[in-house]
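Each chain is listed here by its residues.
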Amino acid sequence: VDALIDQSTSLITPSPALHNAPQLALAEKLVQLSGLSQVHFSNSGSEANEVAIKLARKWGQTHRPGADVIVTTHNSFHGRTLATMAAGGKAGWDKMFPPAVPGFRKVPFNDIAAMRDAIDDQTLAIMVEPIQGEAGVIVPSADYLSQLRQLANEQDVLLILDEIQTGVGRTGQFFAFEHSAVKPDIVTLGKGLGGGVPISATIAAEHVCCFEHGDQGGTYNGNPLMTAVALAVVNEVARPAFLQAVSDAGDKLQATLQELASQIELKQVRGAGLLWAIELDRPIASALQSQAMDTGLLVNAPRPATIRLMPALNVSTGEIDEAAQLLSVAAQRL
């Protein structure tokens, strides 16, 4: 809030035709944290993924002539623009606003053999979420990302990681890919990057940065009002002590949910950091969400039998206990 107020009295935007100091400082910070090379700022996660798709296609024109396919996964979620809906694997989305944008092939998540079989001379990239969020917090095997990185290297295709939901400390590391000690060719950030204001980022390795001036832009992209806020967020969240606190809170939340599961016979608890889901024994997630709201607890029902919990990264132990109590009350009412 202080960053927003301070910047609003200085410079809101000079237009995207000019650089600005908060933009450059934020780009430098994200490059440092990611180990990648260049950043393009947008206003939403969907836009960041659009940029990633465009950049991959531009790269493919030179490095894999004739290739135009990006392999994604079933039940994935990459945004609500036409291209990102086509990239996503949410059932029925390819039929909502026909014709669907071509150039995407889908395989099961966490299936490295299926991914390998899907790559051919028409393929230019792999695009996945480190943890599938909208699918109900689906956590892959520990070596999935490292296997994808190895496969991308072998096949000379790009690895794009959509960290709109998992990035900016959500899993206890600044990037979820750090848990696997891999580095993507392109990674996207959104949501938590602005701490509530609209900003996103597409970060790419040097060998992928092939945009020429004018290939990509946007009226509000990288404006100093939003980048100043995001810089304040990143400077706080990237602190080792803050990330450790997220990990500790995540352990507490996991233990609390598992105890709750044993009390009210929940089917499964799964997640990482402060991104968790509860699998119910029947499709009553929406009803439970409503009951929880009536008790004063906000949860999300991404699937008919799944409740998702994404508390603030600075959630306290007491708030976790209170949330579990409220969720227990809501569940008992059902």
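This report concerns the structure included in the present document. In this text the structure is predicted, and so the values were computed from the model without any measurement.

As for the overall build of the protein
Point 1. Within the protein one finds 10 helices and 11 strands.
Point 2. Here the C-alpha radius of gyration of the protein, 20 Å, is about what a compact globule of 334 residues would show, namely 20 Å.
Point 3. Counting only C-alpha atoms and orienting by the principal axes, one finds that the protein spans roughly 60 × 55 × 40 Å.
Point 4. Within the span of the protein, comprising 334 residues, buried residues form 51% of the whole.

Description of the sheet that holds strand S5 (residues 158–162)
Whether parallel or antiparallel, the strands of a sheet pair through hydrogen bonds between backbone atoms.
Point 1. Strands sit in the order S1-S7-S6-S5-S4-S2-S3 across an open sheet of 7 strands; the sheet is mixed. Of all strands in the sheet, those bounded by a partner on one side alone are strand S1 (38–42) and strand S3 (104–107). Within the sheet, the average angular offset between the axes of one strand and its neighbour, ignoring direction, is 20 degrees.
Point 2. In the sheet, strand S2 (residues 69–73) pairs with strand S4 (residues 123–128) via 3 bridges, with the strands oriented parallel. Directly across from valine 71, in S4, lies its bridge partner isoleucine 126.

So, the packing of helix H9 (residues 285–295) against helix H10 (residues 317–333)
Pairs of packed helices are described in terms of their axes, by the angle between the two and the distance that separates them.
Point 1. Between H9 and H10, whose axes approach to 8 Å, the crossing angle comes to 130 degrees. What the angle tells us is that H9 and H10 run oblique. Seen along the crossing, H9 lies across H10 with a hand that is right-handed. On H10, the residues touching Leu288, Gln291, Ala292, Asp294 and Thr295 of H9 are Leu326, Leu327, Val329, Ala330, Ala331 and Arg333.
Point 2. Split into classes, the residues belonging to the contact of H9 with H10 amount to 7 nonpolar, 2 polar and 2 charged.

Re the pattern of salt bridges
Point 1. Taken as a whole and assessed by the stated rule, the structure comprises 10 salt bridges.
Point 2. The residue aspartate 94 makes a salt bridge to lysine 95 at a minimum N-O spacing of 3.8 Å.
Point 3. With relative accessibility at 41%, the residue aspartate 94 sits in the partly exposed group.
Point 4. Residue lysine 95 is classed as exposed on the basis of its relative accessible area, which comes to 64%.
Point 5. In this structure, glutamate 154 and arginine 116 form a salt bridge, with 3.2 Å as the shortest nitrogen-oxygen distance. Taken together, the residues span a long stretch of sequence, with glutamate 154 in helix H6 (residues 144–155) and arginine 116 in helix H5 (residues 112–118) at a distance of 38 residues.
Point 6. Using a relative accessible area of 43% as the deciding quantity, one classes glutamate 154 as partly exposed.

Considering the environment of aspartate 185
Point 1. Within the fold, aspartate 185 resides in the loop between S5 and strand S6 (186–189).
Point 2. A relative accessible area of 5% means that aspartate 185 is categorised as buried.
Point 3. Along the backbone, aspartate 185 and leucine 161 are 24 residues apart, and their C-alpha atoms lie at a distance of 8.1 Å.
Point 4. A distance of 3.0 Å separates the side chain of aspartate 185 from the side chain of arginine 149, its partner in a polar contact.

With respect to the sheet that holds strand S11 (residues 306–309)
Point 1. Pairing is antiparallel in the open sheet, where 4 strands are placed in the order S8-S9-S11-S10. Strand pairing shows two members of the sheet lacking a second neighbour, strand S8 (268–272) and strand S10 (300–303), which therefore form its edges. On average, each strand axis in the sheet is tilted by 30 degrees relative to the strand beside it, whichever way the strands run.
Point 2. Bridge analysis of S8 against strand S9 (residues 275–279) gives 5 bridges, and the strand direction is antiparallel. Within the sheet, the bridge partner assigned to arginine 270 lies in S9 and is alanine 277.
Point 3. The strands touched by helix H8 (residues 240–264) are S8, S9 and S11; relative to S9, the strand with the most contacts, the crossing angle is about 10 degrees.

Details of H10
Point 1. With 17 residues, H10 ought to run about 24 Å at 1.5 Å a step, and its terminal C-alpha atoms sit 25 Å apart, in line with that.
Point 2. Within the sequence span of H10, burial applies to Ile320, Ala323, Ala324, Leu326, Leu327, Ser328 and Ala330.

Examining the side chain of threonine 202
Point 1. Note on placement: threonine 202 falls in strand S7 (residues 200–204).
Point 2. A distance of 2.8 Å separates the side chain of threonine 202 from the backbone oxygen of alanine 48, its partner in a polar contact.
Point 3. Dropping the residues within four chain positions of it, threonine 202 is found in contact with Gln38, Val39, His40, Ala48, Val51, Ala52, Ile186, Val187 and Thr188.

Side note on the packing of aromatic side chains
Point 1. In total, this model carries 4 aromatic pairs according to the counting rule given.
Point 2. On the basis of an interplanar angle of 70 degrees and a centroid distance of 5.1 Å, the ring pair of phenylalanine 174 and phenylalanine 175 is categorised as edge-to-face. Taken individually, phenylalanine 174 and phenylalanine 175 each receive the classification buried, so the pair is uniform in this respect.
Point 3. Plain terms: the ring middles of phenylalanine 175 and phenylalanine 177 are 4.8 Å apart, the flat faces sit at 20 degrees to each other, and that makes the pair stacked. In this structure, phenylalanine 175 and phenylalanine 177 share a single accessibility class: buried.
Point 4. Put simply, the rings of Phe174, Phe175 and Phe177 touch in pairs and so form one group of aromatic residues.

The rules behind these values
Residues numbered from 1 in each chain as written. Predicted model: local features only at pLDDT ≥ 70, side-chain atom pairs only at ≥ 80, totals over all residues. Heavy atoms only, no water. Helix = DSSP H or I, 4+ residues; strand = E, 2+ residues; numbered from the N terminus. Rg over C-alpha atoms; globule rule 2.2 N^0.38 Å. Buried < 20%, exposed > 50% of the residue type's maximum accessible area, 1.4 Å probe, protein only. Pairing = 2+ DSSP bridges. Axes fitted to C-alpha atoms, helices over the stretch in contact; angles between N-to-C directions. Parallel < 35°, antiparallel > 145°, perpendicular 65-115°, else oblique. Left-handed = near helix turned anticlockwise from the far one by under 90°. Contact = heavy atoms within 4.5 Å. Nonpolar A, V, L, I, M, F, W, Y, C, P; charged D, E, K, R; others polar. Salt bridge = Lys/Arg side-chain N within 4 Å of Asp/Glu carboxyl O. Polar contact = N/O pair within 3.5 Å; in protein donor to acceptor, adjacent residues only side chain to side chain. Expected span 1.5 Å × (residues − 1). Phe/Tyr/Trp six-rings, centres within 6.5 Å; stacked < 30°, edge-to-face > 60°.

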